Amino acid sequence: MKLKLSKTTVEALAPEPDKQIIVWDSDIVGFGVRVSPGGSRTFFYQGRLHGKAKKVTIGKLGKVTAETARKDAKRIASMLELGQDPSPPKHATAATAPTLGDLMAAYVELLESQGKVSARNVKNQIARDIENAHPRLWAKPAAEIDLHDCMVIVGALVDAKKPRQADKIRSYIRTAYSEAINAHGDANMPASMRRLKITFNPARDMRKVKGSSKAKDRALSLAEFRAYWRRVQALPEPHRSLAMLHVLTGGQRQQQLARVTLADIDRDAPSMRILDYKGRRTEPRVHIIPLLPEALDAIDRITDGGEYVFSCDGGRTPIHNAFLNDIAKRICAEMKGADELENGPFTAGSIRATCETRLIAKPYRVSSDVLAHLLSHGMGTVQRKHYQHHEFFDEKLEALEMLHRMVKGQPEPGAQVVELRTRA
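In every chain, residue numbers begin from 1 and rise along the written sequence. Residues qualify for local features only when their pLDDT is at least 70, as the model is predicted, and side-chain atom pairs are given and counted only at 80 or more; totals for whole chains, interfaces and linings, by contrast, use all residues. The basis for every side-chain value is the complete set of non-hydrogen atoms in the structure, without hydrogens or water.

Asker: Quick rundown of the overall build of the protein? Include the residues and the values.
Answerer: The number of helices and strands found in the protein is 17 helices and 8 strands. Considering only intrachain contacts with a sequence separation of at least 6, the fraction spanning at least 24 residues in the protein is 58%. In the form shown here, the protein has an accessible surface area of approximately 21,800 Å², with 50% of it arising from carbon and sulfur atoms. Under the DSSP-based scheme used, a helix requires at least four consecutive residues in state H or I and a strand at least two consecutive residues in state E, with every element numbered from the N terminus. When checking whether two residues touch, look at their non-hydrogen atoms; a contact exists if any pair is within 4.5 Å. The Shrake-Rupley method, run with a 1.4 Å probe, gives the accessible areas here. Residue values count only the displayed protein chains as cover.

Shown next as structure tokens:
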């Protein structure tokens, strides 16, 4: 019996009480489903490897979808044609086979070998949301992890109302399996990744989590922005200086600020160097931020013998990624209680959006090109990536001076326009 094995057709198959029945797919030769007397439906692929019959179980309906099973059948067929055995090594037992934990640890090691500054943060997220939250799955052989297991891990975060984090974990699992599969023919991969011998990706068909990329940062109104600045001035140190410096540098990204050290501060031509690793860069882009005198004063109040500028302990260790968000959350609650909040809650990311939105509007009218250089975004075009960043130092400095006058409520001397100075 042959028919196209889809969710509808497979679910409609009636089991026979005394025997197992097999139904073959009408399109993919060798792809079939076994229906047991009890009603379970198991997908499999049957072909030949080195002239000998080879049958590979794909999984039961419910743990894998019909669509996923079809894709796996095609993958298995390709491997058999290339003379590759799609089955896990025979010597790999539950006690010795590489686990999901081994796979995720190898993925972190791969990130470290590539010089990714995010490796430490990824490692901490994996430990919290997979290892500690799902110890049984963490210890399960990586080759036995299926789509259902992946859904358990990611679904727990979705249920906890953490869509952004859920999608990050989905991406880490999916990419880890993909890299392990690619490691078979890549001697440049870490040994921990090469020895895994992964042949399939159970997270391949997991959909992006809804709401994970929804813009959550809004721009504050001018009145809200000034109220925020006033409340920043009332914070205890070092919170006050850290929040001030965040605004006075244009609302730079928190992860990048946390890496800034005193060696990145130039006091002769007052400026701060940020290394921008955002995106798929293997080498950081140097991002120079002019520093106002008030910003230098804030740095002096924060640092006390340590090397990190954005620090709560005198520079010995950098601030956590959530530190500025915690400050924004606290001030947001205070502003709500004082009826100073016009358009709902905001985050530290809203300060970045506010700096751009307010500077581009009247009466400031800072050009979008200058803002792109100030905020280090939209710099991917061929023309822009070859600019010398110091060419815009004066324009960025003038924009930050405007920003400082703005939050203090000082009138702007005319409708000034900051324009990009193109190269001759």
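Asker: Outline the nonpolar core, listing residues and values.
Answerer: In this structure, Phe225, Tyr228, Met272, Phe310 and Leu359 are the most contacted members of the largest nonpolar core, which totals 55 residues. Elements that contribute at least two residues to this core include exactly helix H9 (222-233), helix H10 (239-248), strand S7 (271-276), helix H12 (293-302), helix H13 (323-337), helix H14 (348-360), helix H15 (368-375) and helix H17 (393-408). At 7 residues, H13 tops the list of elements feeding residues into this core. Once residues within four sequence positions are removed from consideration, leucine 359 is found in contact with Tyr364, Arg365, Val366, Leu371, Leu374, Ala399, Met402, Leu403 and Met406. In these notes, a set of buried Ala, Val, Leu, Ile, Met, Phe, Trp, Tyr and Cys residues joined through side-chain atoms within 4.5 Å is what counts as a nonpolar core. Using a 1.4 Å probe on the protein chains alone, a residue whose accessible area is under 20% of its type maximum counts as buried, one over 50% counts as exposed, and one in between counts as partly exposed. The next biggest cluster of nonpolar side chains, apart from the first, holds 36 residues, and it includes Leu137, Ala166, Ala180 and Ala203.

Asker: Report on the packing of H14 against H17, specifying residues and quantitative values.
Answerer: Lines fitted to C-alpha atoms define the axes, with helix axes restricted to the stretch in contact, and inter-axis angles between N-to-C directions lie between 0 and 180 degrees. Contact geometry for H14 and H17: axes closest at 11 Å, N-to-C directions at 95 degrees. As the angle between them shows, H14 and H17 are arranged roughly perpendicular. Seen from H14, the contacting residues are Cys355, Arg358 and Leu359; seen from H17, they are Ala399, Met402, Leu403 and Met406. The residue inventory of the contact of H14 with H17, partitioned by class, reads 6 nonpolar, no polar and 1 charged. Orientation categories follow fixed angle ranges, with anything under 35 degrees roughly parallel, anything over 145 roughly antiparallel, 65 to 115 roughly perpendicular, and all other angles oblique. Put simply, Ala, Val, Leu, Ile, Met, Phe, Trp, Tyr, Cys and Pro go in the nonpolar bin, Asp, Glu, Lys and Arg in the charged bin, and everything else, Gly too, in the polar bin.

Asker: Explain the pairing of strand S2 (residues 21-25) to me, and be specific about the residues and the numbers.
Answerer: Between any two strands, pairing holds if DSSP finds at least two bridges. With 2 bridges joining them, strand S1 (residues 2-3) and S2 adopt parallel strand pairing. By the bridge assignment for S2, leucine 3 is matched with aspartate 25. Place the viewer so that the strands point away; then a crossover is right-handed whenever the path from the first strand over the helix to the second strand goes clockwise. Handedness of the crossover joining S1 and S2 through helix H1 (residues 7-12) is recorded here as right-handed. Where S2 meets strand S3 (residues 31-35), 4 bridges bridge the pair, whose relative direction is antiparallel.

Asker: Tell me about the sheet that holds S1, residues and numbers included.
Answerer: Strand order in the open sheet formed by 5 strands is S1-S2-S3-S4-S5, and the pairing between neighbours is mixed. The sheet terminates laterally at S1 and strand S5 (52-60), the two strands that pair on one side only. The sheet contacts of helix H2 (residues 66-81) involve S2, S3, strand S4 (41-49) and S5, and relative to S4 the element is tilted by about 15 degrees.

Asker: Describe the pairing of S5, with residues and values.
Answerer: In this structure, S4 lies alongside S5, joined through 8 bridges in antiparallel fashion. In the strand pairing of S5, leucine 49 is matched with lysine 52. Taken together, S4 and the strand that follows it, S5, pair antiparallel across an intervening segment of 2 residues, in which histidine 50 is found at a positive phi of about 55 degrees.

Asker: Explain the packing of H10 against H12 to me, using residue names and the numbers behind them.
Answerer: The contact between H10 and H12 brings their axes to 9 Å, and the two run at 150 degrees. Between H10 and H12, the angle falls in the class roughly antiparallel. Where H10 crosses over H12, the handedness of that crossing is left-handed. Side by side, H10 and H12 meet where Arg240, Ser241, Leu242, Met244, Leu245 and Leu248 of the first sit next to Glu294, Ala295, Ala298, Ile299, Arg301 and Ile302 of the second. Whether a crossing is left-handed or right-handed is set by the direction in which the near helix is turned from the far one by less than a right angle, anticlockwise for left-handed and clockwise for right-handed.

Asker: Hey, could you go over the sheet that holds strand S6 (residues 265-266) for me, with residue numbers and the actual values?
Answerer: The strand order across the open sheet formed by 3 strands is S6-S7-S8, and the pairing between neighbours is antiparallel. Looking at strand neighbours, the two that pair on one side only are S6 and strand S8 (285-290), the edges of this open sheet. Bridge analysis of S6 against S7 gives 2 bridges, and the strand direction is antiparallel. From the neighbouring strand, isoleucine 265 faces S7, where its bridge partner is methionine 272. Its contacts with the sheet place H17 against S7 and S8, and it is angled at close to 50 degrees to S8.

Asker: Outline the packing of aromatic side chains, listing residues and values.
Answerer: Each Phe, Tyr or Trp ring (for Trp, its six-membered ring) is paired with any other whose centre lies within 6.5 Å, and the angle between the two planes then decides the class: stacked below 30 degrees, edge-to-face above 60, tilted in between. By the definition in use, this model includes 4 aromatic pairs. On the numbers, 5.9 Å between centres and 20 degrees between planes, the contact of phenylalanine 31 with phenylalanine 43 is stacked. Placement of the pair is phenylalanine 31 in strand S3 and phenylalanine 43 in strand S4, with a sequence separation of 12 residues. Judged by its relative accessible area of 0%, phenylalanine 43 is buried. Seen from the ring of phenylalanine 44, lysine 55 lies directly overhead, with NZ or CZ sitting 5.2 Å from the centre. Here, over-ring charges are defined by two tests on the NZ atom of lysine or the CZ atom of arginine: distance to the ring centre within 6 Å, and angle to the ring normal within 35 degrees.

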